[in-house]
Amino acid sequence: MTPLIDEKVEPILKEVLDRNPGEVEFHQAVREVLESLGPVLVKHPEFAEHKIIERICEPERQIIFRVPWVDDKGNVQINRGFRVEFNSALGPYKGGLRFHPSVYLGIIKFLGFEQVFKNALSGLPIGGGKGGSDFDPKGKSDAEVMRFCQSFMTELYRHIGEHTDVPAGDIGVGGREIGYMFGQYKRITNRWEAGVMTGKGLDWGGSLVRTEATGYGAAFFVDEMLKVRNDSFEGKTCVVSGSGNVAIYTMEKIDELGGKTVACSDSNGYIYDEKGIDLELVKQIKEIERRRISTYIDVHKDAKYIAKGNIWEIPCQVAMPSATQNEINGKDAILLLKNGCIAVGEGANMPTTPKGVKAFLEAEIAYGPGKAANAGGVATSALEMQQNARRDSWTFKHTENRLREIMQTIHQNCYETAEEFGTPGNYVNGANCAGFIKVAKAMVAFGVI
Ligand code: NDP
């Protein structure tokens, strides 16, 4: 059953929507969390007394800035930069930077809001924030990306620091962009401050497994949900949307756990390869050559490329949306269920629309929402910060084991919290309530700040 909004929470939601007009993704993210919180207020009346929900929905600080840069033809370009420092109750603000033309304040706020609860669930000492720009790295030369990143950091540097705010990557921001930004931060501040950013290269303060972490973590989370149902990935047909960082390492771990991914995509279309996606080829196309996924069929002539197609039409038992927000709508969800889908693990943030979520919850499949299922990325970022603080570097195996334990703990926490609040098996409620309670307790302890 989809929860109805509690009568004490409803006016708070209305106020948030009125105060933030036009920010539809932020509205969606807030509504989804607030729908879970009625029973929490019954158990913890002090949260209402301290106006925790009202405070948690208002970012601590929002920074918007101009990012001017010069393209290869000598033309001046102007983009807009954002950093929303949402909540620092549990530690320094932590969350990625997204470079994509669709970015505006409403996207960054939805991502920052989700990040607060996700980071709380990770069990690590990190607050929540998010940033980015409407810059599109696609089709830009390395030199253009470098000049943009340097200009972006020329403003951002004054707001971040290892104890203040620690950015990382997200859509359009990978190792290359982190390198340019970290280099500019080092130059401006004259400090080699490893802990100021995560997702760094392995030769200069990065952590093994950070690249793989979100995808591996999402697959581990699904594995845990399946285990509860006495099931596993073994022999399962899987569909993974996207073909970026999260999608690639989700597919890699699915393979290792005995599943088979038959389809993946980019924003132009999807590939269907019933023999199983050739992951080394996808890595070559996407990570090295930065080309379109359509070129996959130049090598595998028996695979199919469907331009502008809907990847969720492909029958699968496990679906792992790993591209972007709202990529599974209500109709897609119903189609997935009809085709035999029994588990959904969200690598992306908020990839399922409210109608889609409702369909998954009503069908009582194993549905792992992004703020729980994709927390492995930020958790491993926090492990990178730990290694930086100790000037240490852990082995791949050790770091992966830590990631796996963290995902098991997050799963258990969500599972038990869902039961505690009377909705067993509902990981949405479990994640929302567990994340919220942790942040709320710290906020009560700090007084009105
Ligand atoms: P990447 O930029 O590496 O890859 C994004 C992939 O999704 C690409 O294949 C891209 O296709 C596709 N995509 C992006 N936007 C759209 C769109 N509007 N419509 C259709 N396809 C789209 O990003 P990540 O893999 O890092 O991020 C993917 C998702 O995972 C995001 O929701 C992100 O917030 C989330 N996430 C990422 C984490 C991380 O550690 N990187 C951590 C937690 C969550 P194309 O190349 O054509 O644009």
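These numbers come from a predicted model, not from an experiment.

Outside of glycine, negative phi angles account for most residues, and trans bonds account for most peptide bonds. Although it is not a glycine, Lys-51 sits at a positive phi angle of roughly 50°. On the secondary structure map, Lys-51 appears in the loop between helix H4 (45-49) and helix H5 (52-56). You can call Lys-51 partly exposed: its relative accessible area is 47%. For Lys-308, which is not glycine, the phi dihedral falls at a positive 55°. Its place among the elements puts Lys-308 in the loop between strand E9 (304-307) and strand E10 (318-320). Here Lys-308 falls in the exposed class, since its relative accessible area comes to 68%.

So, on to the site of the ligand. The local shell around the ligand holds 24 residues, among which Asp-170, Thr-214, Ser-267, Arg-292 and Asn-349 are the closest. In this structure, an oxygen atom belonging to the ligand sits 2.9 Å away from a main-chain N or O atom of Asn-245. A distance of 3.4 Å is found between an oxygen atom of the ligand and a backbone nitrogen or oxygen belonging to Gly-347. With the chains in place, 83% of the 880 Å² that the ligand exposes on its own is no longer accessible. Among the elements of the structure, helix H9 (210-228), helix H10 (245-256) and strand E7 (260-266) are those that each provide at least two residues to the shell around the ligand. Classifying every residue of the shell around the ligand gives 4 nonpolar, 14 polar and 6 charged. For the shell around the ligand, the domains that each give at least three residues are domain 1 (61-192) and domain 2 (213-368).

What follows is about the pattern of salt bridges. Tallying each qualifying case throughout the model produces 32 salt bridges. Linking Glu-420 and Lys-43 is a salt bridge whose minimum nitrogen-to-oxygen distance equals 2.6 Å. Taken together, the residues span a long stretch of sequence, with Glu-420 in helix H17 (residues 396-420) and Lys-43 in helix H3 (residues 38-43) at a distance of 377 residues. Judged by relative accessible area, Glu-420 falls into the partly exposed class, the value being 45%. We note a salt bridge from Glu-289 to Arg-291, for which the minimum N-O separation is 2.4 Å. Linked by salt bridges that have partners in common, Asp-223, Glu-224, Lys-227 and Arg-404 make up one network.

Tracing the backbone shows His-27 in helix H2 (residues 24-34). Polar side-chain contacts of His-27 include one of 2.7 Å to the backbone oxygen of Asn-20. Each residue touching His-27, except ones within four places of it in the same chain, is listed here: Leu-17, Asn-20 and Gly-22.

So, about the packing of helix H6 (residues 105-121) against helix H18 (residues 427-446). It is the contact of H6 with H18, at a shortest axis distance of 8 Å, that shows an interaxial angle of 85°. On the basis of the axis angle, H6 is roughly perpendicular to H18. Each of Val-116, Phe-117, Ala-120 and Leu-121 in H6 lies in contact with H18, whose residues at this interface are Ala-431, Ala-434, Gly-435, Phe-436, Lys-438 and Val-439. Within the contact of H6 with H18, the residues separate by chemical class into 8 nonpolar, 1 polar and 1 charged.

Another point: the pairing of strand E2 (residues 76-87). Bridging between strand E1 (residues 61-70) and E2 involves 10 bridges; their strand directions are antiparallel. From the neighbouring strand, Gln-62 faces E2, where its bridge partner is Val-84. The antiparallel pairing of E1 with E2 creates a hairpin that spans 5 residues between the two strands, and Gly-74 there sits at a positive phi of about 90°. Across 6 bridges, E2 lies against strand E4 (residues 128-133) in antiparallel orientation. For Glu-85, the partnering residue across the bridge sits in E4 and is Gly-129.

As a further point, take the packing of aromatic side chains. In this structure the tally under the stated criterion is 19 aromatic pairs. Arranged with centres 6.1 Å apart and planes meeting at 85°, the rings of Phe-99 and Phe-135 form a pair that is edge-to-face. Linking Phe-99 in strand E3 (residues 93-99) with Phe-135 in the loop between E4 and helix H7 (142-156), this pair joins segments that are 36 residues apart in sequence. Using a relative accessible area of 1% as the deciding quantity, one classes Phe-99 as buried. Classification of Phe-135 by relative accessible area gives buried; the value is 1%. Ring centres 5.0 Å apart and planes at 75° place the aromatic pair Phe-113 and Phe-117 in the edge-to-face group. A residue pair is termed a helical-turn pair when its members lie 3 or 4 positions apart in one helix, as Phe-113 and Phe-117 do in helix H6 at 4 residues. Judged on exposure class, the residue Phe-113 and its partner Phe-117 are both buried. Members of the aromatic cluster, connected to one another through ring pairs, are Phe-65, Trp-69, Phe-99, Phe-135, Phe-148 and Phe-152.

Moving on, we come to H18. Taking 1.5 Å of rise per residue, 20 residues should cover 28 Å, and H18 covers 29 Å from first to last C-alpha, within 8% of that figure. Of all 20 residues that make up H18, 15 are buried, and the element is covered over most of its length. Its side-chain oxygen placed 3.0 Å from the backbone nitrogen of Val-428, Asn-426 serves as the N-cap of H18.

Under the domain assignment used here, the protein chain contains domain 1 (61-192) and domain 2 (213-368). Each of domain 1 and domain 2 has a C-alpha centre, and the two are 27 Å apart. With 11 residues of domain 1 at the contact, the number on the domain 2 side is 8 residues. Considering only the side of domain 1, the residues that lose the most area to domain 2 are Phe-110, Lys-138 and Arg-176, jointly responsible for 47% of the buried surface there. Viewed at the interface, domain 2 and domain 1 are joined by 0 salt bridges. Across the contact surface, domain 1 and domain 2 share 2 residue pairs in polar contact (both at pLDDT 80 or more). Ranked by the residues each element gives to the side of domain 1 that touches domain 2, the list is headed by H6, at 5 residues.

Cut-offs used in this document
Residues numbered from 1 in each chain as written. Predicted model: local features only at pLDDT ≥ 70, side-chain atom pairs only at ≥ 80, totals over all residues. Heavy atoms only, no water. Helix = DSSP H or I, 4+ residues; strand = E, 2+ residues; numbered from the N terminus. Buried < 20%, exposed > 50% of the residue type's maximum accessible area, 1.4 Å probe, protein only. Near = heavy atom within 4 Å. Polar contact = N/O pair within 3.5 Å; in protein donor to acceptor, adjacent residues only side chain to side chain. Areas by Shrake-Rupley, 256 points an atom, 1.4 Å probe, with all protein chains shown as cover. Nonpolar A, V, L, I, M, F, W, Y, C, P; charged D, E, K, R; others polar. Domains from an automatic or database assignment. Salt bridge = Lys/Arg side-chain N within 4 Å of Asp/Glu carboxyl O. Contact = heavy atoms within 4.5 Å. Axes fitted to C-alpha atoms, helices over the stretch in contact; angles between N-to-C directions. Parallel < 35°, antiparallel > 145°, perpendicular 65-115°, else oblique. Pairing = 2+ DSSP bridges. Phe/Tyr/Trp six-rings, centres within 6.5 Å; stacked < 30°, edge-to-face > 60°. Expected span 1.5 Å × (residues − 1). Buried area = accessible area lost by both parts, 1.4 Å probe.

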